[in-house]
Amino acid sequence: MKRSGILILLLLAVVLPISGGRLSLSLDVMALESCFYDTALLRTEVAFELDEEFSLRVPLSCHWERERGGPFFIEGAICLDYHFFRWPLCVSLSLAQMGVVGNHPWEEGVCVHFLNEIALAWDWYVGPALLVRPAVIIRDPNRLYEAEYEELQALFSHYPSLRFSLAVGWVFDLSQS
């Protein structure tokens with residue numbers, strides 16, 4: 001897993017400057033629902049359009065229990081988005097995804113989890129620079145990491161397997177005019 005992550009990062013370092021697509025930075029406003037739970041969530045995404053059908057997206061999220069000294073979970077992924085026939089509808093698959101649990105009540109030190117997710121999303125561009133992206137995120141769709149997700153659901157009072165997201169952000173055109 002470590003070697004594939006390094007290979008993906010090297011590939012990104014070579015491909016991204018050459019392709020000259022669009023870069024988007026967004027914040028998940030559905031994370032505001034965590035105001036009603038004991039588990040808080042902050043999620044942000046950086047996406048780079050490789051061409052009209054494929055893009056790479058890096059979501060970063062942080063979950064934490066609101067109790068003093070409670071556990072927190074920092075999670076990141078590299079996802080491949082595929083837009084069918086260049087439509088705004090896309091399927092997103094995590095190529096590499098991992099998270100780190102801190103202040104774990106049952107284990108000493110830092111606990112690392114390898115995860116996966118799939119998402120179905122729709123990209124709306126409002127004008128040239130605003131992106132609105134509703135999505136349905138399914139965590140561990142093929143049940144490979146059941147033990148990891150059960151542990152996370154036991155640690156956090158609200159860590160659902162099915163989640164709705166509404167990312168809102170800005171788009172930057174990197175192509176050379």
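Everything below is about the structure printed above this text.
Residues numbered from 1 in each chain as written. Predicted model: local features only at pLDDT ≥ 70, side-chain atom pairs only at ≥ 80, totals over all residues. Heavy atoms only, no water.

Caption draft 1: The overall build of the protein chain, seen in detail. Counting secondary structure elements, the protein chain contains two helices and 10 strands. Secondary structure of the protein chain in N-to-C order comes out as α-β-β-β-β-β-β-β-β-β-α-β. For the protein chain, the residues scored as buried account for 40% of the 177 residues in total. For the protein chain, the proportion of contacts with a sequence separation of at least 24, taken over those separated by at least 6, is 58%. Just so you have it, the protein chain exposes about 10300 Å², and 67% of that area is on carbon and sulfur atoms. (Helix = DSSP H or I, 4+ residues; strand = E, 2+ residues; numbered from the N terminus. Buried < 20%, exposed > 50% of the residue type's maximum accessible area, 1.4 Å probe, protein only. Contact = heavy atoms within 4.5 Å. Areas by Shrake-Rupley, 256 points an atom, 1.4 Å probe, with all protein chains shown as cover.)

Caption draft 2: Quick peek at the nonpolar core. In this structure, Phe73, Val101, Cys111, Leu115, Tyr149, Leu152, Leu155, Phe156 and Tyr159 together form the largest nonpolar core, which totals nine residues. Ignoring sequence-local partners within four residues, the contact set of Leu152 consists of Phe73, Val101, His113, Leu115 and Tyr159. (Core = buried A, V, L, I, M, F, W, Y, C linked by side-chain atoms within 4.5 Å.)

Caption draft 3: Inspection of unusual backbone geometry at higher detail. Residues other than glycine seldom take positive phi values, yet Phe85 does so here, at roughly 50 degrees. With respect to the helices and strands, Phe85 occurs in the loop between β4 (72-83) and β5 (89-102). Even without being a glycine, Arg143 presents a positive backbone phi close to 60 degrees. You can see Arg143 is positioned in the loop between β9 (130-139) and α2 (146-155).

Caption draft 4: Here's a closer look at the pairing of β5. Across 12 bridges, β4 lies against β5 in antiparallel orientation. Paired with Gly76 across the bridge in β5 is Met98. Between β4 and β5, which follow one another and run antiparallel, lie five residues, and Phe85 among them has a positive phi close to 50 degrees. One ladder, built from five bridges, connects β5 with strand β7 (residues 117-122); its direction is antiparallel. Bridge pairing links Ser92 to Ala119 in β7. (Pairing = 2+ DSSP bridges.)

Caption draft 5: Focus on the side chain of Ser94. One can find Ser94 in strand β5. A relative accessible area of 16% places Ser94 in the buried class. Reaching out from Ser94, the side chain makes a polar contact with the backbone nitrogen of Glu117 at a distance of 3.0 Å. Residues contacting Ser94, with those up to four places away along its chain left out, are Ile78, Cys79, Asn116 and Glu117. (Polar contact = N/O pair within 3.5 Å; in protein donor to acceptor, adjacent residues only side chain to side chain.)

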